[in-house]
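Each chain is listed here by its residues.
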Amino acid sequence: MPGKLQSLPDRARLLDELDECIARSGHGAELFALILLKLRGLGTINGELGNEVGDLVLDEFSNRLMECLRPSDLAFRTTGAKFVVLVPSLVGAGQAELAIKKISQAAKQSVDVNGHSLKLNVTAGLAVYPEHAQDPQRLIYCAETAMSSAKSLAKAFAVYSKKQITKTLSVLSLETELEKAIDNGDIELHYQPKINLKSQQVSGVESLARWKSKAHGAVRPDVFIEIAERSGLILPLTLLTVNVALRQSRELQGWSREFSVAINLSAAVLNDPEVCELIKRALGIWGNEPGQLTLEITESAMMEDPRKSLKILTSLRSEGINISIDDFGTGYSSLSYLKRLPVNELKIDKSFVLNMMQDEGDAKIVKSVIDLAHNFDLAVVAEGIENQESLDQLAEMGCNFAQGFYIARPMPFEDLKKWLSSSSWGKQTIA
Ligand code: G
Ligand code: G
Ligand code: MN
């Protein structure tokens, strides 16, 4: 039901309403919660499908939000993709957490707009009056802090706590530490083998960045990559991973020319023309053939700014570097666009492969993507193979390459060398 969006009150109304809530609660005699919600992925939807679709998605989200709330709850839309919900007469924070869970669930039900089936995600921050703050501005700030801590910990929501002041500070310190780690080369690469399903022999490896922070322990790559993207560190980080991956793969003696090392490229560098030069230079330094390097780029990254990425990808592809569309099937690239992309490989997202033996629908998707890729003269890699049955099934379906825990988990370089000489998939590759 479009139109409801406009009727959600804005930030000015929120501030007024907060004053009233404080008065109604008897200035602290009753608790109430302020939930800050941020809808994720809207930028991508606007960029790929247009602002109109983005608006329809926002409409749909606000409708669902209203459906989740009780009559006494109040909802606001404060900026682009941010919403605030006030939950009055609270028994405890747990009650507001339930509301957040309900809202997250509602957001995750797919939205069908203009023939696209989209899934939404929200990140939420929760602050409780009067426990966390006694004035409106400060309460909003607490919810913002909780939300940014949820984001940096890759969680769906977080409740404000005084400790989080140090947690947000810790995001800052994480940035500083990450910068040092990149400078010192303290980011390690783990490698996960891929096999050729015809020859049943290793055909290459995917490199996956790993970072152990001194202050925070192991930090997940999606978390530190996002920090790098937001703080301008993504280019130096990419420079590091490209060089380490090329150098280490050269150390593996006796590789056939078909053996490739894959690197995941972040969307953020696809807009940076410098990245081409940087990769070409690294190939020159380490002496790898361009065809021995594969760049994995997610479908959604390619679509973030299709014109710019087309230019950069065309330039890289013309050098002979392999370009692979990662997590294929989770975005929504149109086939007409796919036709023009300078790529030579599709990587079927693991979400389809993991359950393909139990779920007939998933198996059909996998088979369709394999056929689609072959019709476009692209090679296909399936990732997320966790058992022999799916490996056999994929070989039967004509899939070219396979990767997954069943073959090997990502491992440090030294372990990769051992794996290559001991595994039945690896032995014959080394001359
Ligand atoms: O490595 P894991 O096993 O947890 O990877 C999680 C996610 O992080 C994956 O989507 C993977 O593509 C991404 N990732 C891992 N290493 C890198 C990297 O060096 N650069 C980029 N951009 N993404 C990476
Ligand atoms: O997004 P990308 O495809 O780059 O992500 C690679 C991620 O997939 C890594 O986090 C890696 O650990 C994970 N992965 C690789 N093989 C399997 C598998 O067989 N099962 C599961 N669950 N994850 C896998
Ligand atoms: Mn990948």
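Residues numbered from 1 in each chain as written. Chains lettered and ligands numbered in written order. Predicted model: local features only at pLDDT ≥ 70, side-chain atom pairs only at ≥ 80, totals over all residues. Heavy atoms only, no water.

Next up on the list: the sheet that holds strand β3 (residues 82-90). Read from one edge to the other, the open sheet built from 5 strands follows the order β2-β3-β1-β6-β7, with strand pairing classed as mixed. Taken across any chain shown, the strands that pair with only one partner, and hence form the sheet edges, are β2 (74-79) and β7 (157-159). The mean inter-strand angle of the sheet, taken between neighbouring strand axes irrespective of direction, is 20 degrees. For β2 and β3, the ladder comprises 5 bridges, and the chain directions are antiparallel. (Pairing = 2+ DSSP bridges. Helix = DSSP H or I, 4+ residues; strand = E, 2+ residues; numbered from the N terminus. Axes fitted to C-alpha atoms, helices over the stretch in contact; angles between N-to-C directions.)

Looking now at the coordination of the manganese ion (ligand 3). For the manganese ion (ligand 3), the protein coordination sphere consists of Glu206 (OE), Asn264 (OD1), Glu296 (OE) and Asp326 (OD), at 2.1 to 2.4 Å. Counting along the primary sequence, the residues that act as donors to the manganese ion (ligand 3) give the motif E-x57-N-x31-E-x29-D. Taken together, the residues span a long stretch of sequence, with Glu206 in strand β9 (residues 201-213) and Asp326 in strand β13 (residues 322-328) at a distance of 120 residues. What makes Asp326 buried here is its relative accessible area of 6%. (Donors = N, O, S within 2.8 Å, 3.2 Å for Na, K, Ca; no water. Buried < 20%, exposed > 50% of the residue type's maximum accessible area, 1.4 Å probe, protein only.)

What surrounds ligand 1 is the set Leu208, Ala209, Arg210, Pro221, Ile225, Thr241, Asn264, Leu265 and Ser266. In the model, a nitrogen atom of ligand 1 is placed 3.0 Å from a nitrogen or oxygen of the Ala209 main chain. Arg210 is positioned such that a nitrogen or oxygen atom in its side chain is 2.7 Å from an oxygen atom of ligand 1. Burial of ligand 1 by the protein amounts to 70% of the accessible area it has alone, namely 490 Å². Mapped by element, the contributors of at least two residues to the shell around ligand 1 are β9 and α8 (221-230). It is β9 that contributes the most residues to the shell around ligand 1, 3 residues altogether. Split by residue class, the shell around ligand 1 holds 5 nonpolar, 3 polar and 1 charged. (Near = heavy atom within 4 Å. Polar contact = N/O pair within 3.5 Å; in protein donor to acceptor, adjacent residues only side chain to side chain. Areas by Shrake-Rupley, 256 points an atom, 1.4 Å probe, with all protein chains shown as cover. Nonpolar A, V, L, I, M, F, W, Y, C, P; charged D, E, K, R; others polar.)

Residue placement: His190 occurs in strand β8 (residues 188-196). Sequence-distant contacts of His190, defined by excluding residues within four places in its chain, comprise Glu206, Ser207, Leu208, Arg210, Pro410, Met411 and Pro412. (Contact = heavy atoms within 4.5 Å.)

Glancing now at the site of ligand 2. Ligand 2 sits among 14 residues. The nearest are Gln192, Lys350, Glu383, Glu386 and Phe405. Note that an oxygen atom of ligand 2 is positioned 3.1 Å from one of the side-chain N or O atoms of Asp326. Backbone polar atom of Phe405 to an oxygen atom of ligand 2: 2.7 Å apart, as the coordinates give it. Alone, ligand 2 offers 520 Å² of accessible surface; in the complex the protein occludes 78% of this. Here the residues of the shell around ligand 2 sort into 4 nonpolar, 4 polar and 6 charged.

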